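Given next are the chains, with one letter for each unit.
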Amino acid sequence: MKARKPFYFLSALILLLATVIWTSSCGRAFDSLTKDQEPAAAASNKASKTSSATPSTFNASNSHDLEKLAKLWKERTQAKTVTDYPIGAGDVLEITVPAMEELRGRIVRVSGDGTIALPFIGKVFVTGMTEEQLREQLTNALKKYMYEPRVSIFVKEYHSRQVAVLGAVFKPGLYSLTSGSDTILDMLSQAGGITTGADPRLYFIPAESVGGGDQVQKIAASLSNPNIKQDPGGLLSQADPILIDIKALALGGYQHYLSLAVRPGDLIIVPGGGQVLVEGWVDKPGAFSVTPGLTVSGIVAAAGGLLYPAAESSVRIIRNERGGKKNFLTVNLAKIKDGEDSDVSLQGGDIVEVSATTSRLVPYGVYQFLSSIIKIGVGGTIPIAGS
C-alpha cells in the first residue's frame, strides 16, 4: 500500500476546474432560457406584493410624520406664548397673607376635584386659574375681614405641568415645565440625554391626542412598572405618535422642529436601538444591533458579505409599519456600491433578505462538494494498491 496524495490532489483540482467551466456554461444557458420569462415573473411578483415600495416611498411614513410635525409647530408657534400655566390637580400651593396668622405660609394641595380649603374663605375652585387670577379671587374674598389684604401665592410643586420622557434616556420619568418656552430638547436634557446605542429617533405624543395631563397622571401612577421605560400602556399602538428622526431633521434642514415647545401632558418616548435580522445568502446570517447611520450595504458587510449564489441586484428589506402593515423594498447592492443608487437607512426591527440566483446554485454546490473532497485529500492519506 502506498500513498499518492499529490497525484489525486492534482486530479481533483483538474476535475474542479472542468466542473466550474461546465457549470458556468450551463448557468449562462439557463440564464438565456429564463431571460424571456423574467419580465412576466416580475410583473406577477409586482402584482402579488401590493405593499412593495420604491426608495422614495419606503420612508413615506417619515414624510407623513414631518407633515404632522410641521402642522403642530405652526399651531404652537402661532398660539399665544404661555407665561403662566393654569393651576391643576395635584399642585402644591403656598398661600401667605401676612396680616392673618391662620393664612401665613399656608401649604395646600389642589384636590382631585380641583379645589382647595382655606380658613375664613372655605372651599375655592382653583383648577384652570393662573396664579394671578387666584390671587385676585382670594384678595376679594378677604376684603370682608380686612382692608386691602396682601395675598401672595407660590406654587411649590407642579404636578399638572408635567411632561413624560420615557425609554432610552438616562433618567426616564416626569418633568415639570418651568416656562412656556421649554422645548423637546430641554426635556431630553432634563432626562439626562439619550443613552448610547439608542435609536436616533423618538416618538412624540402631543397631549391633545392622549387626553392631556390625565394620561401623564396615569403614567405617574405606573412609574414603578419596568415597562414604563419603553411603552407605557401600549401608547404607541393606541395613540398616533409623531416619529421624529433626529438625524434626518439635522441633515435635512429641519433642525428648528427640535425646538418645538412642549405642553403639559406631552409624552416623549425614545426607543432602544433594536436589531436588524439578516438572512439568506450571506456569510454570517443573524441579528445585528442597530448603530447610528446603519445602512443596507453596511449590514451586509457586517454579515460577512454576499456568498457566490446571492442575487446582488435584488436584496429585499422588510419593515413592519405601525398598524401591523409590512412594507417591502428591493435594492440593488451593485448599483449602491457604484453610486448609481442611494443607500437605504435601516431601523430596529428591519429584516434584510438575500435570495439566490438560480443559475449560480449548481456551480456553487459542485464547488462546495469538490472543495470538501480536496480538503479530505490534503488532510488525509488515500491508500492505493501498488504493484
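Structure first, text after, so check above.
Residues numbered from 1 in each chain as written. Predicted model: local features only at pLDDT ≥ 70, side-chain atom pairs only at ≥ 80, totals over all residues. Heavy atoms only, no water.

A.B. asks: Is there a simple way to think about the overall build of the protein chain in this case?
C.D. replies: Of regular secondary structure, the protein chain possesses twelve helices and 18 strands. Counting the 387 residues in the protein chain, one finds 38% classified as buried. Across the protein chain, the fraction of contacts at a sequence separation of at least 24, relative to all contacts at a separation of at least 6, is 67%. Surface exposure of the protein chain reaches about 21300 Å², of which carbon and sulfur atoms provide 56%. (Helix = DSSP H or I, 4+ residues; strand = E, 2+ residues; numbered from the N terminus. Buried < 20%, exposed > 50% of the residue type's maximum accessible area, 1.4 Å probe, protein only. Contact = heavy atoms within 4.5 Å. Areas by Shrake-Rupley, 256 points an atom, 1.4 Å probe, with all protein chains shown as cover.)

A.B. asks: What am I meant to see in helix 5 (residues 131–142) here?
C.D. replies: Side chains three or four residues apart in an α-helix point the same way, a direct result of the helix having 3.6 residues per turn. Relative to the 16 Å expected for twelve residues at 1.5 Å per residue, helix 5 spans 17 Å between its end C-alpha atoms, a close match to the ideal helical length. Glu131, Leu134, Leu138, Thr139 and Leu142 are the residues of helix 5 that are buried. Within helix 5, the buried residues cover an arc of 135° as seen down the axis, which keeps them to one side. Check the buried side of helix 5 and you find it contacts strand 3 (92–96), strand 5 (115–118), strand 6 (122–125) and strand 7 (152–157). (Expected span 1.5 Å × (residues − 1). Arc of directions from axis to C-beta.)

A.B. asks: I'm lost on the pattern of salt bridges in this one. Help?
C.D. replies: Oppositely charged side chains are able to pair whenever their charged atoms sit close together. Evaluated as defined, the whole model comprises nine salt bridges. Close ionic contact of Arg76 with Asp266 constitutes a salt bridge, the shortest N to O distance being 2.8 Å. Residue Arg76 is found in helix 4 (residues 60–78), and its partner Asp266 is found in the loop between helix 9 (246–252) and strand 12 (267–270); the two are separated by 190 residues along the sequence. Each of the two residues, Arg76 as well as Asp266, counts as buried. Between Asp350 and Arg319 there is a salt bridge, with the nearest N and O atoms lying 2.8 Å from each other. Linking Asp350 in the loop between helix 11 (333–337) and strand 17 (351–354) with Arg319 in strand 15 (residues 315–320), this pair joins segments that are 31 residues apart in sequence. The class of Asp350 is buried, set by a relative accessible area of 2%. (Salt bridge = Lys/Arg side-chain N within 4 Å of Asp/Glu carboxyl O.)

A.B. asks: Where do I start with the sheet that holds strand 4 (residues 106–109) in this structure?
C.D. replies: As a general point, the strands of a sheet are linked pairwise by backbone hydrogen bonds and lie either parallel or antiparallel. Taken in spatial order, the three strands line up as 4-3-7 in an open sheet, and their pairing is antiparallel. Taken across any chain shown, the strands that pair with only one partner, and hence form the sheet edges, are strand 4 and strand 7. Strand-to-strand twist of the sheet, defined as the mean angle between neighbouring strand axes without regard to direction, takes the value 30°. Relative to strand 4, strand 3 is paired through four bridges, and the arrangement is antiparallel. Counted as the bridge partner of Glu94 is Ile107 from strand 4. (Pairing = 2+ DSSP bridges. Axes fitted to C-alpha atoms, helices over the stretch in contact; angles between N-to-C directions.)

A.B. asks: Looking at this model, I keep getting lost on the nonpolar core. Mind explaining?
C.D. replies: Burial of nonpolar side chains together is a common tendency in soluble globular proteins. In terms of nonpolar packing, the biggest core is built from 25 residues, with Val165, Ile184, Met187, Leu188, Phe204, Ile244 and Ile268 touching the most fellow members. If you list the elements that add at least two residues to this core, you get helix 4, strand 8 (162–167), helix 6 (184–190), strand 10 (201–205), strand 11 (242–245) and strand 12. At three residues, helix 6 tops the list of elements feeding residues into this core. Leaving out residues up to four positions away in the same chain, Ile244 has contacts with Leu69, Ile184, Pro200, Arg201, Leu202, Phe204, Leu249 and Leu258. (Core = buried A, V, L, I, M, F, W, Y, C linked by side-chain atoms within 4.5 Å.)

A.B. asks: Even after reading the chapter, I still don't get the packing of aromatic side chains, so can you show me in this structure?
C.D. replies: Aromatic ring pairs are described here by two measures, namely the spacing of the ring centres and the angle between the planes. Evaluation of the coordinates by the stated rule reveals two aromatic pairs. Between Trp73 and Tyr257, the aromatic rings sit 5.7 Å apart at their centres with planes inclined by 75°, giving edge-to-face as the arrangement. Here Trp73 is found in helix 4, whereas its partner Tyr257 is found in the loop between helix 9 and strand 12, with 184 residues between them in sequence. The class of Trp73 is partly exposed, set by a relative accessible area of 22%. (Phe/Tyr/Trp six-rings, centres within 6.5 Å; stacked < 30°, edge-to-face > 60°.)

A.B. asks: Would you mind going over the environment of Val352 with me for this structure?
C.D. replies: Residue position: Val352 is located in strand 17. Taking the relative accessible area as the measure of exposure, Val352 reaches 0% and is therefore buried. Put simply, Val352 and Ile318 are 34 residues apart on the chain and 6.5 Å apart in space, counted from C-alpha to C-alpha. The residues touching Val352, leaving out its near neighbours within four places in the chain, are Val276, Leu277, Val278, Glu279, Val296, Ile299, Val315, Arg316 and Leu346.

A.B. asks: Whenever I open this one, the side chain of Thr139 confuses me. Can you help?
C.D. replies: Tracing the sequence through the fold places Thr139 in helix 5. Thr139 gets classed as buried once you look at its relative accessible area, which sits at 17%. At 2.7 Å, the side chain of Thr139 and the backbone oxygen of Arg135 are in polar contact. What Thr139 contacts, discounting residues up to four positions off in sequence, is Pro149 and Val151. (Polar contact = N/O pair within 3.5 Å; in protein donor to acceptor, adjacent residues only side chain to side chain.)

A.B. asks: I would appreciate a short explanation of unusual backbone geometry in the present structure.
C.D. replies: In terms of backbone geometry, most residues other than glycine have negative phi values and most peptide bonds are trans. Residue Phe120 is not a glycine yet carries a positive backbone phi of 75°. Following the sequence through the fold, Phe120 ends up in the loop between strand 5 and strand 6. A residue is classified by how much of its surface remains accessible, and Phe120, at 40% relative accessible area, is partly exposed. One non-glycine residue, Glu148, adopts positive backbone phi at about 40°. Locating Glu148 in the fold gives a position in the loop between helix 5 and strand 7. The class of Glu148 is exposed, set by a relative accessible area of 73%.

A.B. asks: Is there a simple way to think about the sheet that holds strand 9 (residues 173–176) in this case?
C.D. replies: Taken together, five strands build an open sheet; the order of strands is 9-8-12-10-11 and the sheet is mixed. Looking along the sheet, the strands with just one partner apiece sit at the ends: strand 9 and strand 11. The sheet shows a mean angle of 25° between the axes of neighbouring strands, taken without regard to direction. Of the pairings in the sheet, the one linking strand 8 to strand 12 comprises four bridges and is parallel in character.

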